[in-house]
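Take a look at the letters that make up each chain.
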Amino acid sequence: MVVLIIVMSVMSPTFFTSRNLLNVVKQASITSIIGVGMTFVLITGGIDLSVGSVMALSGTLAASVAAADKNLPVFAAILAGAGLGTLCGLINGIGVSYIGFPPFIMTLGMMTIARGIPLVYTNGTPIFGLSDSFNALANSRLLGIPTLVYYMVVFSAAGYIILSRTVLGRQIYGIGGNEEAARLSGVATAKLKMLVYVFSGFLSGIAGILICSRITSGNGTVAQGYEMNAISAAVIGGVSMTGGYGSVLGMVVGAMILTIIQNSFDIMGVNSFYQDIIKGIIILLAVFLDLRGKKK
Amino acid sequence: MELLLRMQNISKSFGTNQVLREVQFELRAGEVHALIGENGAGKSTLMKILMGIYSADSGRITVFGKEQTFESPSQALHAKVAMIHQELNPIMELSVAENIFMGKEERRGIFVDKKKQEEKTREYLGMLGVEIPPGTLMKELNVSEMQMVEIAKALSYGARIIIMDEPTSAITDSEVEKLFGNIRKLKEQGAGIVYISHKMNELFEISDRITVFRDGQYTVTAETKNVTPQRLIKAMVGREINEIYPEHKSHAGETLLSVKNAGREGEFKDISFELHRGEKLGIAGLMGAGRTELVMALFGARKLTGGSVEIKGEAVDIRTPRDAIRRKIALVTEDRKLYGLNLIGCVGDNIVSVVERKYSKGIFHNRRKCNGLAEDMVKRLSIKVTGIRQITGSLSGGNQQKVVLAKWLLNEPDIIIFDEPTRGIDVGAKTEIYKIIEELACEGKGIIIISSEMPELIGLSHRMIVLHEGRMTGGLDIDELTQENIMTLASGCGKGDA
């Protein structure tokens, strides 16, 4: 990432301004928040494809709460959105841990369902006229720094601490490394596996609220493809798709790298179609370097 | 009589472990030649070399009078050499006919000629006197039927050398009769059968000649009618126990564990024994006798379906490994890679994985304490690592095994179960593990040991129970612990039968 920042600074003088750098962090914020949940799930050896859709679903619900009664405290909207996200995560978790759906299938189903519900609910038209306090969630500044940056720091730090400092976190790595060995060591593997999906769902709910606040409307079509952004960020940051390995910090760096590329291409005026091509190449390159490193 | 196969001076090593040392084997047309020996004697390895699954380090193989080495099982099959593996590996979701013709499908243009395949399948199965509709899916068959399909597959290649690796390990007596009927039929048609088995009575019923391997070496070939079971057993186990086992210093104390009529459906039945403090109890048996299944159930990894377990005189119901851990039972599993270790995690994390909950500060992992515990264990068991952050998968087998041991010892267990404690580790590391086991017994822990290496089991145990096909065929005290006695019980004969 350091190399990338230096290269970009040389190539484009506007890149290395504090304003633009803050902008990068802000853009990376939502990806990082869902990326934290994704990192947890990936480390257990699972995958959560539903995060983008769950964002849309919870964001829409939160927005409709915020639009229904302008005097309702914003907390009610947050609770509704985060609660719904958590519920989706719980369903994913039960499906994977106790019913035995493969994570890919379970969350693929959830992805499709959670995308459909808000579209049905809003009949495809965005919800406007949200309360000011709701809109302010993601569009204001505190001490001159966009609030989105704070959210990212808070959730990433929480994720980092849980994963690296708590017993729960150690056990999550244990499951991904060798689930049977973890079970035989007395780890409640099924419960823990469920919990990581619940956590991912909760964070998707939060991210959904933030994205709807940012665009000041509730809309079932938001956050299309965000699951892939989260997975890309994690993978670029060195999180293993087969589980047992990776860190929240790495994922955040991955999210930054993705955003820096996008940001600098925007500044340089590169066609967005090319951006996709480059993104894809970078993902493959990151994993390739990782594989090479492991062989040694 | 025509010689179908001659293997001369075959040697093979896996890493530093030499599994075959200049062995020889030959097979005539129209004979059943049994190949016997203890687990790990090299029987299956030799046959896998013939089939092209492994390649020999040295030696000559002559098949049908021509010196040749197969590169792959498919090449061997096309050359009319087939092997029926102990663990059948059919494609469950495909039909019987599709399984038989896998890789040599009858075609019409680019399409599979299903009708022709099924017709031919019916013909092959008919030769074996089996009536299974060719369109049946493999998953609907029982083990014996699958085996017949495998044999039919061998016939479909016109196989003249057929290797059967423990074909009767999973089928019933009447099915065995049917199998033997078919083996005799194949013999009459001029095929040669290599028959690998542990079961004495079967060998005498079906084989014409018997070759014995011991520790990767050829010992003897004899006409079946000229030998006795006793002679064979002696040939299989006749070696001195090396002086690498520590002296028994511990003495049996109070009863720790008492198991009564334990059973688990389809796996084992009516197993009763007691384990005392300071005692080392061996569980002997051949592969598939139910030893691992029994200890897995005692540990709560699977459920007992019958019988009762008492620990220190108190009836307990152990349903999960967590229960077992709480009751101070430890299980050092048979397969480190599958059950024992997180190989991509570091040594320290593995060592504390059982106890980290106990030492946590609230929800937080107590890193300093855990690192300290791990460091202590590394020292106590002299595990060779660059540091506790080294990735476990990069350690040698012996050191990996010590990591597993360390993880359990931290929980200060009363009962420690060792399932194949020295599999895949070198002699030096083995000796160290033996010493540790003896020390644990001296500390008053109850030890259960499963091992397929007979000398190891004898060298380590105070007492032994022997299982045969999921049943306890007897118990042996320290002065009765001879390989002959164990083999006799393990192959299903009662005490004093042989």
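Everything numeric here is computed off the predicted structure, so don't read it as measured data.

What follows deals with helix α12 (residues 248-268) of chain A. All names here are of chain A. Along its 21 residues, α12 runs 30 Å from first to last C-alpha, staying within 8% of the 30 Å computed at 1.5 Å per residue. The element α12 is largely enclosed, with a buried count of 15 among its 21 residues. One or two steps after α12, the chain reaches G269, where phi turns positive at roughly 75°.

Right, let's talk about the nonpolar core for a bit. I183, L257, F273 and I351 of chain B are the most contacted members of the largest nonpolar core, which totals 133 residues. Excluding anything up to four places from it in sequence, I183 of chain B contacts V32, M164, I193, Y195 and I206 of chain B. Judged by nonpolar contacts, the second largest core, of 69 residues, contains A82, I172, I175 and A255 of chain A.

A few words on the interface of chain B and chain A. Contacts between chain B and chain A engage 26 residues on the former and 21 residues on the latter. Note on chain B versus chain A: buried area summed over both sides is about 1900 Å², and carbon and sulfur give 52% of it. When the area that chain B buries against chain A is broken down by residue, the three leading residues are Y339, I344 and H365 of chain B, summing to 23%. Run the count over chain B and chain A and you get 1 salt bridge. The set of elements that each furnish at least two residues to the side of chain B that touches chain A consists of α10 (321-326), α11 (336-340) and α14 (397-409) of chain B. For the side of chain B that touches chain A, the residue count by class is 12 nonpolar, 6 polar and 8 charged.

Turning our eyes to something else, we now look at the side chain of S156 of chain B. Residues and elements named next belong to chain B. Mapped onto the elements, S156 comes out in helix α5 (residues 143-156). According to the relative accessible area criterion, S156 is buried, its value standing at 14%. If we ignore the near neighbours within four places in the chain, the residues touching S156 are I100, K104 and Y124.

Before going further, it helps to examine the layout of surface pockets. Estimates place the volume of the second largest pocket at around 690 Å³. Contributing to the lining of the second largest pocket are 38 residues, with R170 and Y173 of chain A together with G345, C346 and D349 of chain B lying nearest its centre. Of all the elements in the fold, those that place two or more residues in the lining of the second largest pocket are α7 (147-165), α8 (167-177), α9 (179-184) and α12 of chain A together with α12 (347-352) and α13 (367-380) of chain B. Of the residues belonging to the lining of the second largest pocket, the class tally is 15 nonpolar, 17 polar and 6 charged.

Parameters at a glance
Residues numbered from 1 in each chain as written. Chains lettered and ligands numbered in written order. Predicted model: local features only at pLDDT ≥ 70, side-chain atom pairs only at ≥ 80, totals over all residues. Heavy atoms only, no water. Helix = DSSP H or I, 4+ residues; strand = E, 2+ residues; numbered from the N terminus. Expected span 1.5 Å × (residues − 1). Buried < 20%, exposed > 50% of the residue type's maximum accessible area, 1.4 Å probe, protein only. Core = buried A, V, L, I, M, F, W, Y, C linked by side-chain atoms within 4.5 Å. Contact = heavy atoms within 4.5 Å. Buried area = accessible area lost by both parts, 1.4 Å probe. Salt bridge = Lys/Arg side-chain N within 4 Å of Asp/Glu carboxyl O. Nonpolar A, V, L, I, M, F, W, Y, C, P; charged D, E, K, R; others polar. 1 Å grid on protein atoms, 1.4 Å probe; cavity = no way out; pocket = protein on both sides within 12 Å on 5 of 7 lines; lining within 4 Å. Points joined across faces, edges and corners; volume = space filled by probe spheres on them.

Purely geometric stuff here, so don't read any function into it on its own.
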